[in-house]
Amino acid sequence: AKHALLSRRVAGSGAPAKRGPLGAPVGAFPVWRNVLAPFGDDNMRIGPSEFAFVPMDGATPASVVEEALEPRVADWREAFTAALGGGCGEGAFRDGEGTFDFELGAGPLWRACLDEGGATLLLCFDHCVSDQPSAMGLVDDVLKSCGEAPPVVAAEDLAALETPPSLEDEILGRDGRSRGFVSDELGGTGLLGVDKGSLPYLVAKATEPACQDPLAASPHLPADRWGDASLRAAERTPLVAFRTVSAETLAQLRATCRARGTTVGSALAACAARAFAALSEDDEVPVKVLQSLDMRRFGKDKATDRLACRAGSMDLFLKPADGLWDMSREAGAQLQTFEGRNFGEQSVRVFDWAVDAMEMTRLVELESDNPFTLGRAYCCGVSNAGLYRGSGAAEMYYATSTTSAGASFQASCVTVQGKLCVSVNAPAPLVTREQCEAFATLFVAEATNAAASVEDEANTLVLRAADDSPAAPVYENGLLAFGLGAALGLGAHAPAVLDFLQGVARSAANGGDLLAPYGFWLFFATMHPLIGGAGVGLGEVMWGFPGYSALGEAAQDAAGPPLGFLAVSVAASAALASNALLRSAAGFVASLAFFGTVSSGLAGTSGDNGSLNLSLDDAPVAGKVEEGAVRGCPAYSQVKQPSMNGFDVTKYKGRWYEHAYHDWTQFAEVYDTTLDIDLAADGRTWVDDFAVRGPSPRAAPRSWRGSPVANGAHYPLYGSLDPAKPGELLESGFGNVFPNFIVDVTKDAQGNYQDAIQFQCLESGGVRVFEGINFLSRDREISPARLQGFFDRAAKAGMAPYGARPDQMHVVEHAPADFRDVDNWWQKFWTTIGVDKLLALVAADI
């Protein structure tokens, strides 16, 4: 009568409005469509689907229990294992023909039984209605009610119980979800949750380190598994090994963890990784561990006293050779990073998107029978439910099935009456009974040894021989090579780097915010060498590749990417992967180029101080503070010109062409920059559609036609207006709010605004971190004399010290008025996969 999900059923089939082929987003390219064809033509879900928990029809506590309670069992361990394997046609806790399936549309979504002696209670839940912390709360309520008369609750009162929100609703809310792919025709533009800020999480997932094969501890499996029906998911059965760690040992482990600066949960993850390494006989290559998480830490509802599903997980990467305590601290550090970067919310968002947009059940089925992985994505998994705070239970064990997909070994732990109850489950025949029992023994032994801080080599459980190979030469150390490149790159302009650091220190000393302003600076300081340097440079190399460069424009436009370049790239990647010296050399060169570019931006020696002038208070030349230089940002009254008297913002609306700028948020390689200014209906919201093309034919003469923004990209920017302060607005971006001043305007014969100067400035603790100066005109082309007029008016406004000088401004080139959009293989590819929409989503998210 307390736990609503015990009396709930599922309403709705969960079917989407329509389905489509997985290759639809790239359907214009037959080669991609053919690659994806084996996954079927109905695995992409488009449009909303109906799925909700509703009360069981006419249910009372007695009727629900009567339906859920199964006959007693002789051996609770066998019944536990049977339920983990899916039960049979006769019930969840029976082993036999067929499979037990919850009747989702009828309910209930759980089953229970007792052993014949009545001393053991078994519970089996559909995964969508429970997690272990709340299940323990349910168990406590059940045990407390033993011997009491069952409650009398009317069906309407049971139906009126509040159903806990789903994990997605609790973490994301109604407005935090992403839907669809790259267009409204494909259900929306929420591809992988990028529209809601998931890009950093996706990048982190895509750059995870290489780890051991999850099946490395199963040498009995054949190397060639194609067509081996005995290994298919339908033929697998669960293996379960039960262990306990005494209360005395667990208390000692907890105290040792505190002394070592870690937690029991992190130590258990390290124990699992070391147990796997012992079986795989490899402690040098990291082990990928699935760390279960109670997702209540990311939501508002922390309660565990009612049944709910708040289960989640994260990936850990632990190197057994580092030793248990370093591994444990590393596990804790990875968890802190996961929480600190808001990856908990983003992981829920991406999974929610995938479940809504893809037929995940079908895709998991396909992966579970993949002969290369057999559904194994993790070497091992660890779930630590913590302390059971209830009474009446002497021991407690739980597990989640991994027969179809998951980890090769899964350890589930809970503390009851001071001792640690451990169940280890694994899928047979991917894992043998002996291997499952060995993992459980090794796991407990590692925890026991850790409790006594036994870390001597003689007591480690890695079973391979010691590695007697000599240490790698220092010049093959990639980290040292990268560090040397960074030191040389920054050292090339050491005085400017020192000036920058002193500026940051001044900001901090004056109480300035460091996170948002300098995070803004760091993002663009990073993007300049990556996009303007490496990105454009790689494109020029690719389009200049022998054979390809000899083709005419029409042939290149029709051919797509140069296959020879791709082949060389693959070969180069393979060489880097296999040769430590090459990796070190590549790391050194990349680090030197990257940090050298950043330091040149600090020193004002990049060759373009309009777009890459990164120093703080950089007036009038980056890296040098001269007599008359200014610090911080001016007030509007200090730069406002008489032409702004009587300013009418409605006349400012429309298309403006940018002709010069001093602004490190822009890139020298782009061109044809325009601003389309509009006002929202409230008259107070400024909307600036900032559009660019890039790279320009001059900056990238070979490859500009293949750029994803060759035909332009749009980035909407927003600000707020105060009618009492005409010409002065507040813009927001990258976590910062800063003023955008319209400093000066000129008018044509009809009184319309013809030219304008804008000025943005951001400071932190009195230190100017960013200034943006824009020379704008209604005309696409202007004469040199007219451009000089901008400089003259800017100097009169006192803006020259802020960078409004010819040597500090980047002059923007514009496409001719009759420019036609590029129409070639590359543009079709970028448009089809939605890169233009993705760029807009990223810009909006930033």
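Caption draft 1: Quick peek at the overall build of the protein chain. Each helix and strand counted, the protein chain has 23 helices and 25 strands in total. Its C-alpha atoms put the protein chain at 100 × 70 × 60 Å along the principal axes. Relative to its full complement of 846 residues, the protein chain shows a buried share of 47%. Here the protein chain has roughly 38700 Å² of accessible surface; of this, 57% comes from carbon and sulfur atoms. The average position of the 67 basic charges and that of the 104 acidic charges among the side chains of the protein chain differ by 3 Å.

Caption draft 2: Expanded view of the state of the cysteines. On inspection of all chains with the given rule, the structure shows one disulfide. Disulfide pairing is shown between C633 and C761; the S-S distance is 2.0 Å. When the S-S torsion is -85°, as for the bridge of C633 with C761, the disulfide is left-handed. Placement of C633 in the loop between β16 (624-625) and α20 (636-639) and of C761 in strand β23 (residues 753-764) is noted, with a sequence separation of 128 residues between them. The exposure class assigned to C633 is partly exposed, which follows from its relative accessible area of 24%. For C761, a relative accessible area of 3% corresponds to the buried category. Summary of cysteine pairing: C436 is not part of a disulfide, and the nearest cysteine sulfur, belonging to C380, is at 13 Å.

Caption draft 3: Summary view of the nonpolar core. Among the nonpolar cores identified, the biggest contains 62 residues, and L253, F409, F439 and F443 are the most heavily contacted of them. The element contributing the most residues to this core is helix α9 (residues 264-280), with twelve residues. For F409, the residues in contact, after removing those within four places along its chain, are A217, F276, L279, C379, C380, G381, N425, A426, V431, Q435, C436 and F439. Formed by 60 residues, the second largest nonpolar core is a distinct cluster that contains F520, F524, L787 and Y802.

Caption draft 4: Local environment of the environment of D75. Inspection of the secondary structure assignment puts D75 in the loop between α2 (61-68) and α3 (76-84). Here D75 falls in the partly exposed class, since its relative accessible area comes to 30%. For the pair formed by D75 and T120, sequence separation is 45 residues and the distance between their alpha carbons is 9.6 Å. Among the polar contacts listed, one links the side chain of D75 to the backbone nitrogen of R77, at a separation of 2.8 Å. One polar contact links the side chain of D75 to the main-chain amide nitrogen of E78, over a distance of 3.2 Å.

Caption draft 5: Spatial organisation of the side chain of Q212. Within the secondary structure, Q212 sits in the loop between α7 (199-206) and β9 (237-245). Owing to a relative accessible area of 7%, Q212 belongs among the buried residues under this scheme. At a separation of 2.8 Å, a polar atom in the side chain of Q212 contacts the main-chain carbonyl oxygen of D282. Among the polar contacts listed, one links the side chain of Q212 to the backbone oxygen of V285, at a separation of 3.1 Å.

Caption draft 6: Up close: the sheet that holds β9. Taken together, six strands build an open sheet; the order of strands is β9-β14-β13-β12-β10-β11 and the sheet is mixed. Strand pairing shows two members of the sheet lacking a second neighbour, β9 and β11 (311-318), which therefore form its edges. Pairs of neighbouring strands in the sheet enclose a mean axial angle of 20°, with direction left out of account. In this sheet, strand β12 (residues 376-387) lies alongside strand β10 (residues 287-294) in parallel orientation, the contact comprising three bridges. Across the sheet, residue L290 finds its bridge partner in β12, namely G381. The strands that helix α10 (residues 324-340) touches are β10 and β11; relative to β11, the one it contacts most, it runs at about 130°. Each of β9, β12, β13 (406-416) and β14 (419-428) touches helix α13 (residues 433-451); the most contacted strand, β9, lies at about 25° to it.

Caption draft 7: Local environment of the pattern of salt bridges. Per the counting criterion, the structure on display carries 37 salt bridges. Between E284 and K319 there is a salt bridge whose closest N-O contact spans 3.5 Å. Remark: K319 occurs in the loop between β11 and α10 and E284 occurs in the loop between α9 and β10; sequence separation between them is 35 residues. Between R780 and D672 there is a salt bridge, with the nearest N and O atoms lying 3.5 Å from each other. Note that R780 is positioned in the loop between β24 (767-777) and α21 (784-796) and D672 in strand β18 (residues 671-679), a separation of 108 residues in sequence.

Thresholds applied
Residues numbered from 1 in each chain as written. Predicted model: local features only at pLDDT ≥ 70, side-chain atom pairs only at ≥ 80, totals over all residues. Heavy atoms only, no water. Helix = DSSP H or I, 4+ residues; strand = E, 2+ residues; numbered from the N terminus. Buried < 20%, exposed > 50% of the residue type's maximum accessible area, 1.4 Å probe, protein only. Areas by Shrake-Rupley, 256 points an atom, 1.4 Å probe, with all protein chains shown as cover. Lys, Arg positive; Asp, Glu negative; His and termini not counted. Charge placed at Lys NZ, Arg CZ, Asp CG, Glu CD. Disulfide = S-S within 2.5 Å. Core = buried A, V, L, I, M, F, W, Y, C linked by side-chain atoms within 4.5 Å. Contact = heavy atoms within 4.5 Å. Polar contact = N/O pair within 3.5 Å; in protein donor to acceptor, adjacent residues only side chain to side chain. Pairing = 2+ DSSP bridges. Axes fitted to C-alpha atoms, helices over the stretch in contact; angles between N-to-C directions. Salt bridge = Lys/Arg side-chain N within 4 Å of Asp/Glu carboxyl O.

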